[in-house]
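# Examination of the molecular architecture
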Amino acid sequence: MKLAWKKTILSFLLACFAVASHSSTKQDAKTLFEQPALITSAGQSADGLQASVLAKRAELRAELVKFASGKDLENRKTLILVLGASMKGLGAAGIDTNKEKERIAQLLAEAKKKNIPLLCLHIGGEARRGQLTDEMIGDYLPSAQAAIVVKSGNKDGIFTKICKDKHIPLIEVDKVLDVVGPLKAAFK
Amino acid sequence: MKRSAAWAVLIAALFLSSCRPQKLQVSEPPQDRHAPFNYVGQKGMVVAAHPLAARAGLDMLKQGGNAVDAAVATAFALNAAEPFASGIGGGGFMVIYLAKPKKVTTVNFREKAPAAATPTMFTNKGETLEQWRTERGTAVGVPGMLAGWSYALKKYGTRSLAEAARKGIEIADGGFTVSPTFSTINKDEYEKLLKNAGETTCYLNGGIAYEPGDTFKNPELAKTLRLITTKGIREFYGGEIAQKIVAAVRAKEGIMTLKDLAAYEPEEMVPLEATYKDFTIYTLPPPGSGGLHILQLLNIVEAWPLETWGHNTVAYIHHLSEAMRFIFADREHYLGDPDFVTIPVAGLVSKDHARRIREKIASDKTAAVYPYGEFDPGQEKKENTTHVCVIDKDGNIVSLTQSINDFFGTGIVPDGTGFLLNDHMADFSTNPKSPNAPHPSRRPVSSMGPLIMFKKGEPFLVLGSPGGTRIFSSLAQIIINIVDFGMTLDEAIEAPRFFSYSVAGKPRPVSVESRIPEATLKALETLGHQIAVKEDYDKYFGGAQALMILKPKKIILGGADSRRDGVGAGY
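Conventions adopted
Residues numbered from 1 in each chain as written. Chains lettered and ligands numbered in written order. Predicted model: local features only at pLDDT ≥ 70, side-chain atom pairs only at ≥ 80, totals over all residues. Helix = DSSP H or I, 4+ residues; strand = E, 2+ residues; numbered from the N terminus. Buried ≥ 20, exposed ≤ 12 C-beta atoms within 10 Å, placed from the backbone. Contact = placed C-beta atoms within 7 Å. Rg over C-alpha atoms; globule rule 2.2 N^0.38 Å. Pairing = 2+ DSSP bridges. Right-handed = clockwise from strand over helix to strand, strands pointing away. Axes fitted to C-alpha atoms, helices over the stretch in contact; angles between N-to-C directions. Parallel < 35°, antiparallel > 145°, perpendicular 65-115°, else oblique. Left-handed = near helix turned anticlockwise from the far one by under 90°. Nonpolar A, V, L, I, M, F, W, Y, C, P; charged D, E, K, R; others polar. pLDDT = per-residue confidence, 0-100. Expected span 1.5 Å × (residues − 1). Core = buried A, V, L, I, M, F, W, Y, C linked by C-beta atoms within 7 Å.

### Re the overall build of chain A
- Helix and strand counts for chain A stand at seven helices and six strands.
- Along chain A, from the amino end to the carboxyl end, the secondary structure elements read α-β-α-β-β-α-α-β-α-β-α-β-α.
- Relative to its full complement of 188 residues, chain A shows a buried share of 47%.
- In chain A, the share of contacts with a sequence separation of at least 24, taken over all contacts with a separation of at least 6, comes to 78%.

### Some details on the overall build of chain B
- Each helix and strand counted, chain B has 20 helices and 21 strands in total.
- A globule of 571 residues ought to have a C-alpha radius of gyration of about 25 Å, and chain B, at 22 Å, matches this closely.
- Projected onto the principal axes, the alpha-carbon positions of chain B cover approximately 60 × 60 × 45 Å.
- Within chain B, the fraction of its 571 residues that count as buried is 59%.

### As for the pairing of strand E6 (residues 170–173) of chain A
Residues and elements named next belong to chain A.
- The pairing of strand E5 (residues 146–150) with E6 spans four bridges and is parallel. In the strand pairing of E6, Ile148 is matched with Ile171.
- Between the parallel pair E5 and E6, the chain is carried across by helix H6 (residues 158–166), and the sense of this crossover is right-handed.

### So, unusual backbone geometry
- The residue after Gln35(A), namely Pro36(A), is reached through a cis peptide bond having omega 0 degrees.
- Along the polypeptide, Pro36(A) turns up in the loop between helix H1 (3–23) and strand E1 (37–42).
- For the peptide bond that leads from Pro286(B) to Pro287(B), omega is 20 degrees, which places it in the cis range.
- Looking at where Pro287(B) falls in the secondary structure, it is placed in the loop between strand E9 (279–283) and helix H13 (290–301).
- A positive phi angle is found at Lys277(B), which is not glycine, with a value near 55 degrees.
- A positive phi angle, near 60 degrees, is found at Ser441(B), a position not held by glycine.
- Tracing the backbone shows Ser441(B) in the loop between strand E11 (397–403) and strand E12 (451–455).
- In this structure Ser441(B) comes out as partly exposed when scored by C-beta crowding, with 16 C-beta atoms within 10 Å.

### Looking at the pairing of strand E2 (residues 45–48) of chain B
Residue and element names in this part refer to chain B.
- By the alternation rule, side chains of E2 split into Met45 and Val47 and Val46 and Ala48, which are all buried.
- Inspection of the sheet shows E2 paired to strand E10 (residues 386–391) by three bridges, in the antiparallel sense. Considered in E10, the bridge of Met45 is made with Ile391.

### Let's talk about the packing of helix H3 (residues 67–81) of chain B against helix H5 (residues 145–156) of chain B
Residues and elements named next belong to chain B.
- Orientation of H3 relative to H5, taken along the N-to-C sense of each, is 160 degrees, at an axis distance of 9 Å. Classified by the angle their axes make, H3 and H5 are roughly antiparallel. The handedness of the crossing between H3 and H5 comes out as left-handed. Two secondary-structure elements touch here, H3 through Val68, Asp69, Val72 and Ala75 and H5 through Trp149, Ala152, Leu153 and Tyr156.
- When the residues that make up the contact of H3 with H5 are grouped by side-chain class, the tally is seven nonpolar, no polar and one charged.

### Focus on the sheet that holds E2(B)
Residue and element names in this part refer to chain B.
- Read across the open sheet, the seven strands follow the order E7-E4-E3-E11-E10-E2-E21; overall the sheet is antiparallel. Lying at the two open borders of the sheet, with one neighbouring strand each, are strand E7 (267–269) and strand E21 (567–570). Each adjacent strand pair in this sheet contributes to an overall mean axis angle of 15 degrees, direction not counted.
- The sheet contacts of H3 involve E2, strand E3 (91–98), E10 and E11, and relative to E10 the element is tilted by about 150 degrees.
- On top of the sheet, H5 reaches E3, strand E4 (103–109) and E11; it is set at about 15 degrees to E3, its chief contact.

### Points about the interface of chain A and chain B
- Of the residues lining the interface, 12 residues belong to chain A; the matching set on chain B comes to 13 residues.
- When residues in the side of chain A that touches chain B are grouped by element, the largest group, three residues, is from helix H2 (residues 47–57) of chain A.
- When the residues that make up the side of chain A that touches chain B are grouped by side-chain class, the tally is six nonpolar, four polar and two charged.

### Looking at the sheet that holds strand E2 (residues 62–64) of chain A
Residue and element names in this part refer to chain A.
- Taken in spatial order, the six strands line up as E2-E1-E3-E4-E5-E6 in an open sheet, and their pairing is parallel. The outermost strands of the open sheet, each flanked by one partner alone, are E2 and E6. Between one strand axis and the next, the sheet turns through 20 degrees on average, direction left out of account.
- Of the strand pairs in this sheet, E1 and strand E3 (residues 78–83) are connected by six bridges, and their pairing is parallel. Paired with Ser41 across the bridge in E3 is Val82.
- Against the sheet, helix H5 (residues 131–140) contacts E1, E3 and strand E4 (118–122), and its axis sits at roughly 150 degrees relative to E3.

### Observations concerning the confidence of the model for chain A
Residue and element names in this part refer to chain A.
- With 84% of its residues at a pLDDT of 70 or more, chain A has an overall mean of 86.
- Taking the mean pLDDT of every element in chain A, the minimum, 46, falls on H1 and the maximum, 98, on E3.
- Residue range residues 1–5 is modelled with pLDDT below 50. Its contacts to residues more than four positions away, or to other chains, number two contacts.
- In the predicted structure, residues 15–30 sits below a pLDDT of 50 and forms 19 contacts with residues beyond four places in sequence or in another chain.

### A short note on helix H18 (residues 471–483) of chain B
- The terminal C-alpha atoms of H18(B), which comprises 13 residues, lie 18 Å apart, in line with the 18 Å expected from a rise of 1.5 Å per residue.
- Most of H18(B) is tucked away, with 13 of its 13 residues classed as buried.

### Remarks on the environment of Lys455(B)
- Mapped onto the elements, Lys455(B) comes out in strand E12.
- In contact with Lys455(B), other than residues within four places in its own chain, are Asp278(B), Phe279(B) and Phe460(B).

### Describing the nonpolar core
- One finds Ile80(A), Ala147(A), Ala71(B), Ala546(B) and Leu547(B) to be the most contacted residues of the largest nonpolar core, which totals 231 residues.
- A total of 12 residues in this core trace back to one element, the largest contributor, which is H3(B).
- Among residues more than four places away in sequence, those in contact with Ala71(B) are Gly57(B), Met94(B), Val388(B), Val390(B), Val398(B) and Leu400(B).

### Notes on the packing of H3(B) against helix H6 (residues 161–174) of chain B
Residue and element names in this part refer to chain B.
- Where H3 meets H6, the closest approach of the two axes is 7 Å, and the angle between their N-to-C directions is 20 degrees. For the element pair H3 / H6, the angle class is roughly parallel. The crossing of H3 and H6 is right-handed. Contacts between H3 and H6 involve Asp69, Val72, Ala73, Phe76, Ala77, Asn79, Ala80 and Ala81 on the former and, on the latter, Ala164, Ala165, Lys167, Gly168, Ile171 and Ala172.
- Here the contact of H3 with H6 is built from residues that sort into 10 nonpolar, two polar and two charged.

### Overview of the environment of Phe67(A)
- Mapped onto the elements, Phe67(A) comes out in the loop between E2 and E3.
- Residues Phe67(A) and Glu100(A), 33 residues apart in the sequence, show an inter-C-alpha distance of 8.6 Å.

Here you go:
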């Protein structure tokens, strides 16, 4: 299926989910993305690891690869990119911001080549914003088929604006643990 | 600004503040947390890195406890309220001033290496050195905290350990609202906590990092503290808790034994004393290196025209950064546990050594190499943390710095105890030939540097900070800000900071807070410095706490660093 066509369907289904999740506590099991998924962090914050714990709680077959490259997309059907830069994380990994950006750009290019859809997460809230994270949001979010974000990280509407402009379904949740429901529902 | 003018401004500011109604700022920080703000007290004050801890200390003072009682009460409360920075699984140092006999002393309760430690214990592992030094059982030094607190209380306090622990137990049981600082640090250390403490630990919220506004409680710590206060600290050093500590350490491939815990003793030491201009500073001798390096840096800058250069100008940052690099060369070559290695302390803090370093610093370029100083051995005799400042109504003072090293220490929590074990073995050198290499029962060199500064024989400034190797440069900058640039106490603490060091004689970048103008940074680059820009108010540079005692006016000012959650509480 062409990516554009997939995106339209995903938009519709996620919109349905968003309505359902706001109107009911019951998690709607609309399936949008397929498993297995590859999780990686854009910016090497611990949010990547937190996302893998959330994926486990959502009973997804998803693997975290900290420094995922194109070859890690082999046999994956979804790429989950966890947005959020940490200078501490980058420093501990011994990589600079340019190398990290280069890695993500190559990964996204490979995902596009393989028609693997992208789900962006931002779960670090207000504290996980900043110049580098904002650059990454601007660079990578437009390629996503959907995004799930913790509300406090979207106080200035950065996610809302990009998602609206690019017609990307966006789900906002209050707390990190609330990501589990939408995440589970987004997958087959 | 000329020095005399700066003093005039300072005195005028203090006079004006003293003319206002003295509404005591107990625990209400300003809305803009970075806006300089001096807490005001008259009888006593506590400044600490968490409001509940400062309140615990203040309550102790109001109930008649002295400065040592209040410092230990604050320390217990910090274990509950700021568990990522210190606790009974760590160690520290205390500088105590006793007003009546006008005596300054220090208590060293730094962790010790287990008896099975060897100089090659980390290099032998042959892989990911950092992990063995920071996250595995081998990273855990024998904790000294409870032994140190207990020693200080028995010798200089008036209250029991149980009385001092009461507020800490209440905080651990009742919980508190997680601050953005707690949450950010919790997220940064998430991986370590998940790996070592597990998904069900109280240090994670349902397996996920805490968010601002969540409630943090630690009933297991409360239970542990109750047990210790009932049975005494022998429970920690030889009872059921000791067994749990050893089991937890050894489960992560550590080397600590019950014998190591049973053998731990704190040590009272004579303080290091030196002058800066009209002031006399009392601080820690080795194995605390922070105090020694503060004195070295102040000795070097003493003869420089700081007021002419101006605060945080190119000349100022260049000269101080160069001085820091020479100091690090000395540190690397000489510093170790004074019980086992010879440290030329007197030579290092001498004005002569400072002059020789000054002569090596060019005003228009960085040095090619940073050699350590050389001293005549015949003249010498062998000799990330939180800070608390306390003064009581009788003028007794405690300057206490304590730590579990990295935030959340190793992330290892002995089963069911609720406290974190330190990773202070990381403060040993990985070079087996270093004077600071691990050896049985040695204390690793610490960067901590709690101090008390006197003017004309009277206490004037009580100061300390966390911040690892940045501690001494941050504290020296605060002192210079007050003495040479006439800043008020909290202005001096909040002012932008910088830091540099050297490794094996080679310079490392100058790290700066981003508030230092770009034009200054560009000019520093033309002198040969590499620049590393940090955040506006970066925890990397520590979280200083301070008291300023203005005896003639009977005013005590408290300054608490907005880089962390520090507050003052006075009465």
